[in-house]
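So you can see what is in the structure, the chains are spelled out below.
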Amino acid sequence: MGRLFGTDGVRGVANADLTAELALGLSVAAAHVLAEAGTFVEGRRPTAVVGRDPRASGEFLEAAVVAGLASAGVDVLRVGVLPTPAVAYLTGALGADLGVMLSASHNAMPDNGIKFFARGGHKLADELEGRIETVYEQHRTGEPWERPTGAGVGRVTEYTEGFDRYVAHLIAVLPNRLDGLKVVLDEAHGAASRVSPEAFARAGAEVITIGADPDGLNINAGCGSTHLDLLKAAVVEHGADLGIAHDGDADRCLAVDATGAEVDGDQILAVLALAMREAGQLRKDTVVGTVMSNLGFKIAMEREGIHLVQTAVGDRYVLESMKAEGFALGGEQSGHVIVLDHATTGDGTLTGLMLAARVVATGRTLAELAEVMERLPQILINVPDVDKSRVSTSVELAAAVDEAERELGDTGRVLLRQSGTEPLVRVMVEAADIDQARAVAGRLADVVKSALG
């Protein structure tokens, strides 16, 4: 059996790759492994929080997960359709032993996924995910396990208070209200379609929503953080101060200023870093990004006296660095922003609220705030059908990269990334001059093809 867990849980086409049987079996295995790992509180029955996004497949997958957990003796609190960060928050706030979120984030509707959270609402370590896979495979191949009976089986409860509890948490975090601000929210027909408008409205903003009518089939369809054109047009049409876009499970946030210009995750991080430092909340005057963070972000942070730590691509690596070193803020260009004092994962609604609060507090437009950094042009070329394992050993490629970096100087950079699943190398070049970036990237892509093809 190949590895089931990827960088963000188990994902695949629902009812093809991700079946009800797999969802049930993984839930049983997770219950057993987390109990053995000592994450359950002794002396009481373990409890799990289970939520999902609005995908049609989430209905049967949720039923399978709940059945698996209850059959393993775990009491289940079903919170229904809520964002991933809400499930993580409620897992911690309710003292639950684990949380389960059913979502494939920004993926198209046919996909779905299962993500587990440990006590406190934290993502599972790789070692625990590996043990869950091992136990799942043992059960799948017929190894018996002790099944509780009678009063030992888990009970299932609808926890309808989750919505209000999470929204109240978001409002409590804000440093100031949003009165007088007009905001357009694009909810991607996803998990935040009720939560985000409610939170912004309670905070005092005038709210206009688009993409907030999920029917189980339209999640991420031409809207949300991966399709910003509708939001850009709506912000301009309504004369709004800014727009906020989420993805299907609302752990991402991208923004649009009053002119319809995009404000990406790096720019949002830059704005929030300055706000948090001003409030004395940016521990060690450090922000965490990834190797894909725009060079303009790094230059801006250096100019402002803020240290930037860069990790491998993926919000889990950003989070690991933050937790290990005690940093308060981190994120990715894609809009995963983690404010660790208030969330254990990326939280798109929280990020949007904090960005809007900064606009109100400073009296400056979002465009003016985003000017803290100049976003340098990035050219990305995928080179398929190559031996990616030789990226680090090819003398020809190393010489080409050295030559490109000398040409770009201090105002540009080169990054080569190997695909995790395909025979693919990604060539990324940044430079102040987009034509120069495009030319350098093209030359490097040719070298990758000839050297590794």
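Please refer to the structure higher up on the page.
Owing to the predicted nature of the structure, the values given are computational and were not obtained by experimental measurement. (Residues numbered from 1 in each chain as written. Predicted model: local features only at pLDDT ≥ 70, side-chain atom pairs only at ≥ 80, totals over all residues. Heavy atoms only, no water.)

Caption draft 1: Broad picture of the packing of aromatic side chains. This structure, assessed with the given rule, holds two aromatic pairs. Seen in terms of ring centroids, Phe 5 and Phe 116 are 6.3 Å apart; in terms of plane orientation they differ by 50°. Their pairing is tilted. Here Phe 5, found in the segment before strand E1 (10–13), pairs with Phe 116, found in strand E5 (residues 111–118); they are 111 residues apart in sequence, far enough to count as distant. Summarising the burial analysis for this pair, Phe 5 and Phe 116 share the class buried. An angle of 45° between the planes, with centres 6.2 Å apart, marks the rings of Tyr 89 and Tyr 166 as tilted. Of this pair, Tyr 89 sits in helix H3 (residues 84–93) while Tyr 166 sits in helix H5 (residues 162–173), and the two are 77 residues apart along the sequence. (Phe/Tyr/Trp six-rings, centres within 6.5 Å; stacked < 30°, edge-to-face > 60°. Helix = DSSP H or I, 4+ residues; strand = E, 2+ residues; numbered from the N terminus. Buried < 20%, exposed > 50% of the residue type's maximum accessible area, 1.4 Å probe, protein only.)

Caption draft 2: Quick look at the sheet that holds strand E13 (residues 286–290). Judged by pairing direction, the sheet is mixed, and its four strands sit side by side in the order E14-E13-E15-E16 without closing on themselves. Across the chains shown, the open sheet's two edge strands, defined by having one partner strand only, are strand E14 (307–311) and strand E16 (337–339). Direction aside, the axes of adjacent strands within the sheet are offset by 20° on average. As defined by bridge partners, E13 adjoins E14 across five bridges and the pair is classed as parallel. Within E14, the residue paired with Thr 290 across the bridge is Thr 311. Along the sheet face, helix H8 (residues 265–278) touches E13, strand E15 (329–331) and E16 and points at about 180° away from the line of E15. Sheet strands touched by helix H10 (residues 315–325): E13, E14, E15 and E16. Its angle to E13, the strand with the most contacts, is close to 155°. (Pairing = 2+ DSSP bridges. Axes fitted to C-alpha atoms, helices over the stretch in contact; angles between N-to-C directions. Contact = heavy atoms within 4.5 Å.)

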